[in-house]
Amino acid sequence: MKVKWSRVLPAVPSSVTVILDSAGRYFASFVIDTDVDTDRARWTEPDPEAAIGIDLGLTHFAVLSDGTKIDSPRFLRRAEKKLKKAQRELSRKQKGSRNRAKARQKVARAHAGVADARKEFHHQLSTTLIRENQAVAVEDLAVAGLARTSLAKSVHDAGWSQFVTMLEYKAQRYGRTFVKVGRFEPTSQRCSTCGHRDGPKPLAVREWTCRACGTVHDRDHNAAINVKQAAGLAVSACGAPVRPEPVLAQREETGSHGIPAGCRAA
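Residues numbered from 1 in each chain as written. Predicted model: local features only at pLDDT ≥ 70, side-chain atom pairs only at ≥ 80, totals over all residues. Heavy atoms only, no water.

A. Quick peek at the overall build of the protein. Along its length, the protein carries seven helices and nine strands. Taken over 266 residues, the protein has a buried fraction of 34%. Here the protein displays about 17,400 Å² of accessible surface, and carbon together with sulfur accounts for 53% of that area. (Helix = DSSP H or I, 4+ residues; strand = E, 2+ residues; numbered from the N terminus. Buried < 20%, exposed > 50% of the residue type's maximum accessible area, 1.4 Å probe, protein only. Areas by Shrake-Rupley, 256 points an atom, 1.4 Å probe, with all protein chains shown as cover.)

B. View of the pairing of strand β4 (residues 60-64). Most of β4 sits out of view: five of its five residues are buried. Relative to β4, strand β3 (residues 51-56) is paired through three bridges, and the arrangement is antiparallel. Its bridge partner being in β4, Ile54 is matched across the sheet by Leu64. Relative to strand β5 (residues 69-71), β4 is paired through three bridges, and the arrangement is antiparallel. (Pairing = 2+ DSSP bridges.)

C. Quick peek at the environment of Gly57. Mapped onto the elements of the fold, Gly57 is located in the loop between β3 and β4. Judged by relative accessible area, Gly57 falls into the buried class, the value being 17%. Separated by 15 residues in sequence, Gly57 and Ser72 have C-alpha atoms that sit 8.4 Å apart.

D. A look at the pattern of salt bridges. For the structure shown, the criterion picks out twelve salt bridges. Asp21 serves as the salt-bridge partner of Arg25, at 2.9 Å between the closest nitrogen and oxygen. Of the charged contacts in the structure, one is a salt bridge between Glu89 and Lys106, with a shortest N-O distance of 3.3 Å. Residue Glu89 is located in helix α2 (residues 75-92), and its partner Lys106 is located in helix α3 (residues 98-132); the two are separated by 17 residues in the primary sequence. Look at the salt bridges and you will find they share partners, linking Asp21, Arg25 and Asp116 into a network. (Salt bridge = Lys/Arg side-chain N within 4 Å of Asp/Glu carboxyl O.)

By themselves, these figures tell us nothing about what the structure is for.
Set out below in C-alpha coordinates:
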(Lines give C-alpha, C1' and ligand atoms only; values in the text may rest on other atoms or scores of the structure.)
Protein backbone atom coordinates (compact mmCIF):
# COMPACT_ATOMS: atom_id res chain seq x y z
CA MET A 1 0.00 0.00 0.00
CA LYS A 2 1.33 3.43 -0.92
CA VAL A 3 2.05 5.45 2.23
CA LYS A 4 2.09 9.23 2.65
CA TRP A 5 3.99 10.07 5.85
CA SER A 6 2.57 12.97 7.87
CA ARG A 7 5.74 13.27 9.98
CA VAL A 8 9.03 11.55 10.75
CA LEU A 9 8.80 9.11 13.66
CA PRO A 10 11.06 10.32 16.51
CA ALA A 11 11.63 6.77 17.79
CA VAL A 12 11.10 3.13 16.89
CA PRO A 13 7.39 2.34 17.40
CA SER A 14 6.37 -0.36 19.85
CA SER A 15 3.14 -1.13 17.97
CA VAL A 16 1.07 -0.02 15.00
CA THR A 17 -2.70 -0.01 14.45
CA VAL A 18 -4.19 0.18 10.96
CA ILE A 19 -7.52 2.06 10.90
CA LEU A 20 -10.12 2.11 8.12
CA ASP A 21 -12.56 5.02 8.47
CA SER A 22 -16.08 5.40 7.04
CA ALA A 23 -14.72 7.34 4.04
CA GLY A 24 -12.62 4.34 2.94
CA ARG A 25 -9.28 5.83 4.04
CA TYR A 26 -6.56 3.86 5.82
CA PHE A 27 -4.50 5.31 8.66
CA ALA A 28 -1.52 3.83 10.49
CA SER A 29 -1.36 4.85 14.16
CA PHE A 30 1.99 4.25 15.88
CA VAL A 31 2.71 3.99 19.60
CA ILE A 32 6.09 5.50 20.53
CA ASP A 33 7.88 6.67 23.68
CA THR A 34 8.56 10.40 23.81
CA ASP A 35 10.71 12.52 26.09
CA VAL A 36 9.13 15.61 27.71
CA ASP A 37 12.37 17.62 27.68
CA THR A 38 12.91 16.85 23.99
CA ASP A 39 9.36 18.00 23.17
CA ARG A 40 9.83 21.28 25.02
CA ALA A 41 13.21 21.89 23.39
CA ARG A 42 11.51 21.99 19.98
CA TRP A 43 10.10 25.43 20.78
CA THR A 44 11.88 28.51 22.06
CA GLU A 45 10.54 29.78 25.36
CA PRO A 46 8.26 32.84 24.99
CA ASP A 47 8.43 35.98 27.10
CA PRO A 48 7.71 34.89 30.72
CA GLU A 49 5.08 37.64 30.98
CA ALA A 50 3.34 36.72 27.68
CA ALA A 51 -0.25 35.79 28.52
CA ILE A 52 -3.46 35.82 26.53
CA GLY A 53 -7.17 35.64 27.26
CA ILE A 54 -9.46 34.07 24.63
CA ASP A 55 -13.15 34.80 24.07
CA LEU A 56 -14.72 32.20 21.78
CA GLY A 57 -17.70 33.18 19.66
CA LEU A 58 -19.61 32.74 16.40
CA THR A 59 -19.16 36.10 14.66
CA HIS A 60 -15.41 35.63 15.18
CA PHE A 61 -14.11 32.22 16.15
CA ALA A 62 -11.83 33.81 18.75
CA VAL A 63 -11.05 37.31 19.99
CA LEU A 64 -7.81 37.68 21.97
CA SER A 65 -7.17 40.05 24.84
CA ASP A 66 -4.55 41.88 22.74
CA GLY A 67 -7.29 42.87 20.27
CA THR A 68 -6.61 40.22 17.60
CA LYS A 69 -9.77 38.88 15.95
CA ILE A 70 -9.73 35.46 14.24
CA ASP A 71 -12.49 34.92 11.72
CA SER A 72 -14.65 31.82 11.91
CA PRO A 73 -13.95 29.57 8.86
CA ARG A 74 -17.47 28.02 8.99
CA PHE A 75 -16.40 24.85 7.19
CA LEU A 76 -19.81 23.17 7.46
CA ARG A 77 -21.69 26.22 6.17
CA ARG A 78 -19.38 26.50 3.15
CA ALA A 79 -19.75 22.79 2.31
CA GLU A 80 -23.53 22.60 2.84
CA LYS A 81 -24.40 22.75 -0.86
CA LYS A 82 -22.04 19.89 -1.67
CA LEU A 83 -23.25 17.84 1.31
CA LYS A 84 -26.93 18.31 0.40
CA LYS A 85 -26.29 17.17 -3.18
CA ALA A 86 -24.41 14.06 -2.02
CA GLN A 87 -27.13 13.24 0.51
CA ARG A 88 -29.87 13.63 -2.12
CA GLU A 89 -28.07 11.24 -4.45
CA LEU A 90 -27.74 8.71 -1.63
CA SER A 91 -31.47 8.86 -0.81
CA ARG A 92 -32.38 8.02 -4.43
CA LYS A 93 -30.29 4.83 -4.56
CA GLN A 94 -31.88 1.44 -3.96
CA LYS A 95 -31.05 -0.06 -0.57
CA GLY A 96 -28.51 -2.88 -0.75
CA SER A 97 -27.25 -1.89 -4.21
CA ARG A 98 -23.62 -1.25 -5.11
CA ASN A 99 -24.50 2.25 -6.29
CA ARG A 100 -25.89 3.03 -2.83
CA ALA A 101 -22.63 1.87 -1.25
CA LYS A 102 -20.69 4.18 -3.55
CA ALA A 103 -23.03 7.08 -2.77
CA ARG A 104 -22.74 6.42 0.98
CA GLN A 105 -18.95 6.55 0.75
CA LYS A 106 -19.19 9.81 -1.21
CA VAL A 107 -21.25 11.35 1.62
CA ALA A 108 -18.76 10.05 4.19
CA ARG A 109 -15.83 11.55 2.26
CA ALA A 110 -17.59 14.94 2.11
CA HIS A 111 -18.18 14.95 5.88
CA ALA A 112 -14.63 13.74 6.52
CA GLY A 113 -13.29 16.65 4.47
CA VAL A 114 -15.20 19.14 6.62
CA ALA A 115 -14.03 17.51 9.86
CA ASP A 116 -10.40 17.35 8.69
CA ALA A 117 -10.39 21.02 7.63
CA ARG A 118 -11.83 22.05 11.01
CA LYS A 119 -9.29 19.95 12.90
CA GLU A 120 -6.39 21.39 10.87
CA PHE A 121 -7.58 24.94 11.64
CA HIS A 122 -7.82 24.13 15.37
CA HIS A 123 -4.35 22.55 15.37
CA GLN A 124 -2.69 25.51 13.65
CA LEU A 125 -4.36 28.12 15.86
CA SER A 126 -3.82 26.25 19.16
CA THR A 127 -0.17 25.59 18.30
CA THR A 128 0.42 29.27 17.52
CA LEU A 129 -1.19 30.43 20.76
CA ILE A 130 0.69 27.93 22.93
CA ARG A 131 4.00 28.62 21.18
CA GLU A 132 3.80 32.41 21.58
CA ASN A 133 2.39 32.63 25.13
CA GLN A 134 3.50 31.41 28.52
CA ALA A 135 -0.07 31.37 29.83
CA VAL A 136 -3.46 30.96 28.13
CA ALA A 137 -6.92 31.47 29.62
CA VAL A 138 -10.23 30.52 28.03
CA GLU A 139 -13.85 30.53 29.21
CA ASP A 140 -15.47 27.19 30.03
CA LEU A 141 -18.49 27.38 27.72
CA ALA A 142 -21.66 25.30 28.17
CA VAL A 143 -21.49 23.79 24.68
CA ALA A 144 -24.12 21.13 25.40
CA GLY A 145 -26.61 23.81 26.40
CA LEU A 146 -25.84 26.06 23.43
CA ALA A 147 -26.21 23.07 21.11
CA ARG A 148 -29.90 22.87 22.09
CA THR A 149 -30.66 26.39 20.88
CA SER A 150 -31.32 27.84 17.43
CA LEU A 151 -27.54 28.35 17.11
CA ALA A 152 -26.88 24.59 17.29
CA LYS A 153 -25.50 24.19 13.76
CA SER A 154 -23.12 27.15 14.12
CA VAL A 155 -21.99 25.95 17.56
CA HIS A 156 -21.16 22.47 16.26
CA ASP A 157 -19.50 23.97 13.19
CA ALA A 158 -17.17 26.03 15.41
CA GLY A 159 -16.00 22.98 17.38
CA TRP A 160 -15.06 24.88 20.56
CA SER A 161 -14.66 21.74 22.70
CA GLN A 162 -12.09 20.22 20.34
CA PHE A 163 -10.14 23.49 20.24
CA VAL A 164 -10.07 23.89 24.04
CA THR A 165 -8.97 20.25 24.44
CA MET A 166 -6.05 20.90 22.05
CA LEU A 167 -5.04 24.01 24.00
CA GLU A 168 -5.09 22.06 27.26
CA TYR A 169 -2.97 19.09 26.23
CA LYS A 170 -0.48 21.22 24.28
CA ALA A 171 -0.05 23.55 27.26
CA GLN A 172 0.67 20.54 29.48
CA ARG A 173 3.05 19.02 26.94
CA TYR A 174 5.12 22.17 26.44
CA GLY A 175 5.09 23.49 30.00
CA ARG A 176 2.62 26.36 29.62
CA THR A 177 -0.02 27.56 32.09
CA PHE A 178 -3.59 26.83 31.01
CA VAL A 179 -6.60 28.18 32.93
CA LYS A 180 -10.32 27.64 32.39
CA VAL A 181 -12.50 30.46 33.68
CA GLY A 182 -15.89 29.43 35.10
CA ARG A 183 -18.84 29.77 32.75
CA PHE A 184 -20.73 31.90 35.31
CA GLU A 185 -18.04 34.58 35.35
CA PRO A 186 -19.72 37.77 33.97
CA THR A 187 -17.05 38.44 31.36
CA SER A 188 -19.49 40.17 28.98
CA GLN A 189 -21.06 42.29 31.71
CA ARG A 190 -18.05 43.75 33.52
CA CYS A 191 -16.03 46.76 32.38
CA SER A 192 -12.41 45.67 31.99
CA THR A 193 -11.22 49.22 32.76
CA CYS A 194 -12.94 50.07 36.05
CA GLY A 195 -14.57 46.75 37.01
CA HIS A 196 -18.14 48.09 37.03
CA ARG A 197 -20.74 45.39 36.32
CA ASP A 198 -23.12 46.77 33.72
CA GLY A 199 -25.59 43.89 33.58
CA PRO A 200 -26.49 41.31 30.89
CA LYS A 201 -26.84 42.35 27.26
CA PRO A 202 -28.48 40.66 24.24
CA LEU A 203 -26.21 39.15 21.61
CA ALA A 204 -27.15 41.89 19.15
CA VAL A 205 -25.25 44.44 21.29
CA ARG A 206 -21.65 44.34 19.99
CA GLU A 207 -20.48 47.62 21.53
CA TRP A 208 -21.44 49.29 24.80
CA THR A 209 -20.37 52.22 26.95
CA CYS A 210 -19.59 51.77 30.64
CA ARG A 211 -21.94 53.91 32.72
CA ALA A 212 -19.31 54.30 35.45
CA CYS A 213 -16.17 55.39 33.58
CA GLY A 214 -17.52 56.12 30.07
CA THR A 215 -15.19 53.67 28.29
CA VAL A 216 -16.53 52.39 24.96
CA HIS A 217 -16.05 48.62 24.74
CA ASP A 218 -16.06 46.11 21.92
CA ARG A 219 -18.08 43.30 23.48
CA ASP A 220 -15.77 40.43 22.51
CA HIS A 221 -12.49 42.24 23.16
CA ASN A 222 -13.72 43.36 26.59
CA ALA A 223 -14.76 39.76 27.38
CA ALA A 224 -11.32 38.45 26.36
CA ILE A 225 -9.61 40.94 28.69
CA ASN A 226 -11.96 39.93 31.51
CA VAL A 227 -11.16 36.25 30.88
CA LYS A 228 -7.46 37.05 31.25
CA GLN A 229 -8.04 39.08 34.42
CA ALA A 230 -10.37 36.48 35.95
CA ALA A 231 -7.67 33.84 35.48
CA GLY A 232 -5.13 36.01 37.29
CA LEU A 233 -2.88 36.21 34.23
CA ALA A 234 -2.82 40.00 34.20
CA VAL A 235 -0.65 39.87 37.34
CA SER A 236 1.56 36.85 36.77
CA ALA A 237 2.03 34.61 33.76
CA CYS A 238 5.40 32.93 34.35
CA GLY A 239 4.12 29.60 35.60
CA ALA A 240 3.26 30.79 39.11
CA PRO A 241 -0.05 29.79 40.71
CA VAL A 242 -2.83 31.86 39.20
CA ARG A 243 -5.70 30.72 41.40
CA PRO A 244 -6.35 32.20 44.87
CA GLU A 245 -5.07 30.19 47.83
CA PRO A 246 -7.68 27.92 49.48
CA VAL A 247 -9.36 29.44 52.55
CA LEU A 248 -10.21 27.29 55.58
CA ALA A 249 -13.94 26.84 56.16
CA GLN A 250 -15.45 28.60 59.16
CA ARG A 251 -16.49 26.45 62.10
CA GLU A 252 -20.21 26.80 61.32
CA GLU A 253 -19.59 25.72 57.69
CA THR A 254 -17.85 22.41 58.50
CA GLY A 255 -19.46 19.04 59.09
CA SER A 256 -22.26 17.14 57.40
CA HIS A 257 -25.07 19.39 58.75
CA GLY A 258 -27.10 16.49 60.09
CA ILE A 259 -26.86 14.27 56.98
CA PRO A 260 -26.70 10.58 58.06
CA ALA A 261 -23.31 9.00 57.40
CA GLY A 262 -24.86 6.24 55.29
CA CYS A 263 -26.32 8.76 52.82
CA ARG A 264 -23.06 10.53 52.11
CA ALA A 265 -21.06 9.64 49.01
CA ALA A 266 -17.70 7.97 49.54
